[in-house]
Amino acid sequence: YLLLGTTAVGADTMLSRIIRLVESAQAEKAPIQRLVDRVSAVFVPVILGIALVTLVGWLLANGNVEAAILNAVAVLVIACPCALGLATPTAIMAGTGVAAQHGILIKDAEALELAHRLTVIALDKTGTLTEGKPSLVQFEVNQIPRLEALQLAASVQQASEHPLARAVVNAAKEEGLTLSSASDVTALPGRGIEATVDGRKLVIASERWLTESAVDVSSELALAGQQAQEAGFSVSWLVETQPATKVLAMMAFGDAIKKTSLGAIRALSALGVRTVLLTGDNPGSAQLVAKELGIEDIRASLLPEDKAIAVAALKSDGATVGMVGDGINDAPALAAADVGIAMSTGTDVAMHAAGVTLMRGDPALIADSIDISRRTYSKIRQNLFWAFIYNLIGVPLAAFGVLHPIVAGAAMAFSSVSVVGNALLLRTWKPRS
């Protein structure tokens, strides 16, 4: 028989979430729509005034009541603000719909509108530009058997969802090791994780934690860690803190760059968008990835709050900033950015904080999300332009008696159809990737 397990049902399924996101984006008003609403609030009484002036003017001009009424009605008919009202929502519905078909979920209309102005994209490294599936490539120990140290490190991290933790646990399983239960597990944001295993208080620590705690590392482990970082590997340390603080092991992790990352950076450059790498990883690992992808602005060894501060600094320079990430550590920066873009392959926290979610976790979709935003905004401007031009030309013609109400009605209907038709051209959009 076949046994199936479900991780979510009903409203909690991925499909239901996708539907809610698309419906929310299509129902919400973009900032430019609110401007159009204010214009329409003035537009309607102005048209009523013009119609009244037309009626009175024709009555005074020739005393023909029928002609005066027909021309006044023609003004009211042809000036119907339907085209103005349809210009923005139809483009947003078409843009968000076609984006969703190609794996780009836009949570709100404001994110769709702001994305067209992005000048800087800040990118997380692990899981965004790299596969996010690191492997343990080096494990050096200090005065402890290698398998014992690996068993302790994996036991501390067995409940963690962090990619590096998964790599350690997988390495222990490959060695056939039985993991011990961990107690008093505490996450140390940007610094590691601590727990008690078999009565031993342990910390899986980052370089930052070692520095802040002033922990001495044996010369052999220190050299191995330095060489691993220079080679572009991420490095963590296994530290026992009781009864005495002692570094037991150095762990080096390798993570392959996604095949589409280089093309994604080049596509962003072609759109005139500058890229910045923001990572909590060590400078050596960050520089290796940045060099391979052609990213010049690198900021490494960042805590979650440091990433948010870096995004705020970029915004203070006058840039419109988008942040791309996938982890819990990226959530503050995603929220701080003008547009947050999350990878669906990451955590729910990141997706909740972002305005755009890339369903395939493919960095090539970053440039595509900017492209569909620019095209959608272009359609909005086109629709508004033609709606205003239509009114500027049609209202005077109707007021001077050139247009019969029947012709004016047909012209008004055609203007609405043309606006909708122009917006629906967005459905022909295809991602560059």
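Residues numbered from 1 in each chain as written. Predicted model: local features only at pLDDT ≥ 70, side-chain atom pairs only at ≥ 80, totals over all residues. Heavy atoms only, no water.

Undergrad: Quick question: what am I supposed to make of the side chain of Asp-371 here?
TA: Within the element layout of this structure, Asp-371 appears in helix 15 (residues 364–399). Note on Asp-371: relative accessible area 5%, which makes it buried. Beyond its immediate chain neighbours, meaning those up to four positions away, Asp-371 contacts Trp-429 and Arg-432. (Helix = DSSP H or I, 4+ residues; strand = E, 2+ residues; numbered from the N terminus. Buried < 20%, exposed > 50% of the residue type's maximum accessible area, 1.4 Å probe, protein only. Contact = heavy atoms within 4.5 Å.)

Undergrad: Explanation requested: the environment of Ser-236 in the structure shown.
TA: With respect to the secondary-structure elements, Ser-236 resides in strand 7 (residues 234–240). On the basis of relative accessible area, Ser-236 is assigned to the buried category, the value being 10%. Between the C-alpha atom of Ser-236 and that of Arg-208, which follows or precedes it by 28 residues, the distance is 10.0 Å. In this view, Ser-236 contacts Leu-164, Ile-204, Ala-205, Ala-249, Met-250, Met-251 and Phe-253; residues no more than four positions away in its chain are not counted.

Undergrad: When you look at the pairing of strand 12 (residues 339–343) in this model, what are you seeing that I'm missing?
TA: The side chains of a regular strand alternate between the sheet's two faces. Where burial is concerned, most of strand 12 is hidden: 5 out of the 5 residues are buried. Along strand 12, one buried face is formed by Val-339, Ile-341 and Met-343 and the opposite face, lined by Gly-340 and Ala-342, is buried too. Judged from the 4 bridges that link them, strand 11 (residues 321–325) and strand 12 form a sheet pairing that is parallel. Each residue of the ladder has a partner; that of Val-324, found in strand 12, is Ile-341. Note on the crossover from strand 11 through helix 13 (residues 331–336) to strand 12: the handedness is right-handed. In this structure, strand 12 lies alongside strand 13 (residues 356–358), joined through 3 bridges in parallel fashion. Paired with Ala-342 across the strands is Thr-357, a residue of strand 13. (Pairing = 2+ DSSP bridges. Right-handed = clockwise from strand over helix to strand, strands pointing away.)

Undergrad: Looking at this structure, I do not really get the pattern of salt bridges. What am I missing?
TA: If charged atoms from side chains of opposite charge come close, those side chains can pair. Evaluated as defined, the whole model comprises 12 salt bridges. With a closest N to O distance of 3.1 Å, Arg-299 and Asp-297 form a salt bridge. On the basis of relative accessibility, which here comes to 26%, the residue Arg-299 falls in the partly exposed class. With its nearest N and O atoms 2.7 Å apart, the salt bridge here joins Lys-307 to Asp-330. Taken together, the residues span a long stretch of sequence, with Lys-307 in helix 12 (residues 304–316) and Asp-330 in the loop between strand 11 and helix 13 at a distance of 23 residues. Per residue, the accessibility class of Lys-307 equals that of Asp-330, and both read buried. What you see here is one network of salt bridges that share partners, running through Asp-124, Lys-307 and Asp-330. (Salt bridge = Lys/Arg side-chain N within 4 Å of Asp/Glu carboxyl O.)

Undergrad: Where do I start with the environment of Phe-233 in this structure?
TA: Here Phe-233 lies in the loop between helix 9 (219–230) and strand 7. Accessibility expressed as a relative area gives 27% for Phe-233, which makes it partly exposed. In sequence terms Phe-233 and Arg-427 are 194 residues apart; their C-alpha atoms lie 44 Å from each other. Setting aside residues up to four positions removed in sequence, Phe-233 forms contacts with Val-137, Ala-228, Ala-252, Phe-253, Gly-254, Asn-282 and Ser-285.

Undergrad: Is there a simple way to explain the nonpolar core in this structure?
TA: Generally speaking, nonpolar side chains in soluble globular proteins are found buried as a group. Counting 60 residues, the largest nonpolar core has Ile-104, Ile-121, Leu-123, Ile-295, Val-356, Leu-358 and Ile-366 as its most contacted members. With 25 residues, the next largest nonpolar core counts Ile-144, Ala-149, Leu-150 and Ala-172 among its residues. (Core = buried A, V, L, I, M, F, W, Y, C linked by side-chain atoms within 4.5 Å.)

Undergrad: Help me understand the sheet that holds strand 8 (residues 246–254), please; the structure alone is not making it clear to me.
TA: Hydrogen bonds between backbone groups are what pair the strands of a sheet, and the pairing can be parallel or antiparallel. The 6 strands are arranged 3-8-7-6-5-4 in an open sheet whose pairing can be described as antiparallel. Two strands lie at the open edges of the sheet, namely strand 3 (135–141) and strand 4 (182–188), each paired on one side alone. Neighbouring strand axes in the sheet, compared pairwise and without regard to direction, differ in orientation by 20° on average. As defined by bridge partners, strand 3 adjoins strand 8 across 6 bridges and the pair is classed as antiparallel. (Axes fitted to C-alpha atoms, helices over the stretch in contact; angles between N-to-C directions.)

Undergrad: Explanation requested: the sheet that holds strand 2 (residues 120–123) in the structure shown.
TA: The mixed open sheet is built from 7 strands, whose spatial order is 1-13-12-11-2-9-10. The open sheet has two edge strands, strand 1 (104–106) and strand 10 (297–299), and neither has a second partner. On average, each strand axis in the sheet is tilted by 20° relative to the strand beside it, whichever way the strands run.

Undergrad: Can you walk me through unusual backbone geometry in this structure?
TA: Glycine aside, a negative phi is what most residues show, and trans is what most peptide bonds show. One non-glycine residue, Asp-198, lies in positive phi territory at about 50°. Structurally, the position occupied by Asp-198 is in the loop between strand 5 (192–197) and strand 6 (200–205). Note on Asp-198: relative accessible area 54%, which makes it exposed. Of note, the phi angle at Ala-214 is positive, near 55°, even though the residue is not glycine.

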